[in-house]
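Chain residues, written in single-letter form:
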Amino acid sequence: MNKIYFFLFLFFLAVPLHAQTKENLIICNEGNWQQDNGQLSYYDASAGTMTNGWFRKVNGTKLGDTPNDIIQVNDTLIAIAVNWSNIIQYIHPDGTACGATENVPNNRRMCSDGRYLYITSYAHKCTIGGKEVTFTKGYVAKIDVNSHEVVDTCQVGWEPEGIRLYNGKLYVANSGGYAFAESHDYEKTISVIDAATMTLEKNIDTGCINLYSEMSQAGPYILVNSCGDYYETAPKTVILNCDNDQVTTFDFPCTYNSTDGSKFYTIGSAFSYDTGDYTWYINTIDPTTMTVTAGIFNDAITSKIKTLQSPYELYISPYTGNVYFTDAVGYTDAGELYGYTQSGEQLFKPLQVYMCPAHILALPPAESTGINKVTTTSNANDAMYNLTGQRVGNDYHGVVIRGGKKYVK
């Protein structure tokens, strides 16, 4: 009998990571701009329940106005960019607030190496050590995650949006999104910054304007949406190969996008002020071959997305591979969350969240889900990467990939 239990134990340790389908989620709801009603929703997979207004219930206070990004920095820290409140709010995975950074106004998108948080800003000023630094265009701030203090900055293009880290370099998509109201043009560049020194190395011309919205990364490939100008210049999808700076474009948008680490999955919205119409595109892109396939995973998922009134987010869990997407419905009503396995099995019935559910974060599973534990006897020369393809060191905490396997470190 003991032998049977032993072999069962070994079997469960060997279960592939994506065999686990239940996971807890945080949904970051933007609310309405300038209404100070951004909220977090929390999905408890074990209980199958959704808690709306979660941040307020846990902390007894508002989250703020228009949160527009949420990332897991390390095992104990989650960062939320609350744009119109001009703060970066930090919470523990249980929702407890644990500090904020308040000197990066008009903040936008984030990435992290576990030691530092990097965040883009549309603003033209930042405070470092009590001294105000000014910029002509937008900038990236580097924040120490232990002190929550800005330690360095780097100016990039006008109205920078998405940001990703690859091989020690930050890749920043510049939008020039205020071009319609200010005396500058839309941007076409992706800025490359040395993350250690926060110095601008170069600007890569993509040939496509207004690099706005979400930015996904699969190994050396970075995908970003080009919105166009909503009039004469049509939107496009841009993929940058960070290893050789090669840019590939496609004649459809990728407004909402995600990745499973090898392919990109996109829902694109093309809007025209001339006609007032939206045109939707649902595509899968293999960046190694630059081939496009219509739809996402299967007919069940693709067909459901096509029924949504206002698709507002697409997210592939890095832990289970589950596919989540949201519907903002009428933008002033409660939104809805959908969840499927990659095979098209529905994880739960549509769940009501709050207004404009724009960002989803899956929380790391416990070790019992099949992720191994990294030991200190491992080969130091065996490179480790986090779940977005960034190489990490021994001081990194979280889920890593080494030798083709996932580990908790």
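## Observations regarding the nonpolar core
Here comes step 1: Within the largest apolar cluster, 29 residues are counted, with the highest numbers of intra-cluster contacts made by Leu25, Ile26, Leu40, Ile80 and Leu337.
Here comes step 2: For this core, the secondary structure elements donating two or more residues are strand 1 (25–29), strand 2 (39–44), helix 2 (54–59), strand 5 (77–82), strand 6 (87–91), strand 29 (346–352) and strand 30 (357–362).
Here comes step 3: Element by element, the count of residues in this core is highest for strand 1, at four residues.
Here comes step 4: Counting residues in hydrophobic clusters, the runner-up holds 19 residues, among them Ile71, Ala81, Ile88 and Ile143.

## Details of the pairing of strand 4 (residues 67–74)
Here comes step 1: For strand 4, a buried count of eight out of eight residues is recorded, marking the element as mostly surrounded by other parts of the structure.
Here comes step 2: Pairing analysis gives six bridges linking strand 4 to strand 5, with the strands arranged antiparallel. Residue pairing across strands places aspartate 69 opposite alanine 81, the latter belonging to strand 5.
Here comes step 3: Between the end of strand 4 and the start of strand 5, which pair antiparallel, lie two residues.

## Things to note about the sheet that holds strand 23 (residues 264–271)
Here comes step 1: Ordered by their spatial adjacency, four strands build an open sheet running 22-23-24-25, and the pairing between neighbours is antiparallel. With partners counted over all chains shown, the strands left at the sheet margins are strand 22 (256–259) and strand 25 (291–294), one partner each. For this sheet, the mean inter-axis angle between neighbouring strands, taken without regard to orientation, is 30°.
Here comes step 2: The sheet contact formed by strand 22 and strand 23 spans four bridges and is antiparallel. Paired with tyrosine 256 across the two strands is isoleucine 267, which belongs to strand 23.

## Some words on helix 3 (residues 299–307)
Here comes step 1: When helix 3 is considered as a whole, its buried residues turn out to be Ile301, Thr302 and Ile305. The buried residues of helix 3 occupy an angular sector of 95° when projected down its axis, which confines them to one face. Residues of helix 3 that are exposed and point over 90 degrees away from its buried face: Asp299, Lys306 and Thr307.
Here comes step 2: Residues of helix 3 that are buried make contact with strand 23, strand 24 (278–286), strand 26 (311–316), strand 27 (323–327) and strand 28 (336–340).

## Observations regarding the packing of aromatic side chains
Here comes step 1: Tallied over the full model, the rule gives 14 aromatic pairs.
Here comes step 2: Relative to tryptophan 84, the ring of tryptophan 33 lies with its centre 5.0 Å away and its plane at 65°, an arrangement referred to as edge-to-face. Of this pair, tryptophan 33 sits in the loop between strand 1 and strand 2 while tryptophan 84 is found in the loop between strand 5 and strand 6, placing the two residues 51 residues apart along the sequence.
Here comes step 3: Taking relative accessible area as the criterion, tryptophan 84 reaches 35% and is therefore assigned partly exposed.
Here comes step 4: Residues tyrosine 42 and tryptophan 54 carry aromatic rings whose centres are separated by 4.6 Å and whose planes lie at 20° to one another, so their mutual orientation is stacked. Here tyrosine 42, found in strand 2, pairs with tryptophan 54, found in helix 2; they are 12 residues apart in sequence, far enough to count as distant.

## Examining the environment of aspartate 327
Here comes step 1: Counting through the fold element by element, aspartate 327 comes out in strand 27.
Here comes step 2: Between the C-alpha atoms of aspartate 327 and proline 350, which are 23 residues apart in sequence, the distance is 9.7 Å.

## Regarding the pattern of salt bridges
Here comes step 1: Taken as a whole and assessed by the stated rule, the structure comprises eight salt bridges.
Here comes step 2: A salt bridge links lysine 169 to aspartate 194, with the shortest nitrogen-to-oxygen separation between them at 3.2 Å. On the criterion of sequence distance, the pair formed by lysine 169 in strand 15 (residues 169–174) and aspartate 194 in strand 16 (residues 189–194) is long-range, its members being 25 residues apart.
Here comes step 3: Within this structure, Arg108, Arg109 and Glu161 form a network of salt bridges that share partners.

## Digging into the confidence of the model for the chain
Here comes step 1: Per-residue pLDDT for the chain averages 89, and the proportion of residues at 70 or more is 85%.
Here comes step 2: Contacts from residues 3–17, a stretch scored under 50 in pLDDT, to residues over four places away or in other chains number 10 contacts.
Here comes step 3: Here residues 367–381 is modelled with pLDDT under 50, and outside its nearest four sequence neighbours on either side it reaches 24 contacts, counting other chains as well.

## A word on the side chain of asparagine 37
Here comes step 1: Secondary-structure assignment places asparagine 37 in the loop between strand 1 and strand 2.
Here comes step 2: The class for asparagine 37 is buried, based on a relative accessible area of 14%.
Here comes step 3: Here the side chain of asparagine 37 touches asparagine 32 through a polar contact of 2.8 Å, landing on its backbone nitrogen.

## What about the sheet that holds strand 4?
Here comes step 1: In spatial order, the strands read 4-5-6-7; together these four strands make up an open sheet with antiparallel pairing. A strand with exactly one partner marks an edge of an open sheet, and here the two such strands are strand 4 and strand 7 (97–101). For this sheet the average axis-to-axis angle between neighbouring strands, irrespective of direction, equals 20°.

Cut-off values and rules
Residues numbered from 1 in each chain as written. Predicted model: local features only at pLDDT ≥ 70, side-chain atom pairs only at ≥ 80, totals over all residues. Heavy atoms only, no water. Core = buried A, V, L, I, M, F, W, Y, C linked by side-chain atoms within 4.5 Å. Buried < 20%, exposed > 50% of the residue type's maximum accessible area, 1.4 Å probe, protein only. Helix = DSSP H or I, 4+ residues; strand = E, 2+ residues; numbered from the N terminus. Pairing = 2+ DSSP bridges. Axes fitted to C-alpha atoms, helices over the stretch in contact; angles between N-to-C directions. Arc of directions from axis to C-beta. Contact = heavy atoms within 4.5 Å. Phe/Tyr/Trp six-rings, centres within 6.5 Å; stacked < 30°, edge-to-face > 60°. Salt bridge = Lys/Arg side-chain N within 4 Å of Asp/Glu carboxyl O. pLDDT = per-residue confidence, 0-100. Polar contact = N/O pair within 3.5 Å; in protein donor to acceptor, adjacent residues only side chain to side chain.

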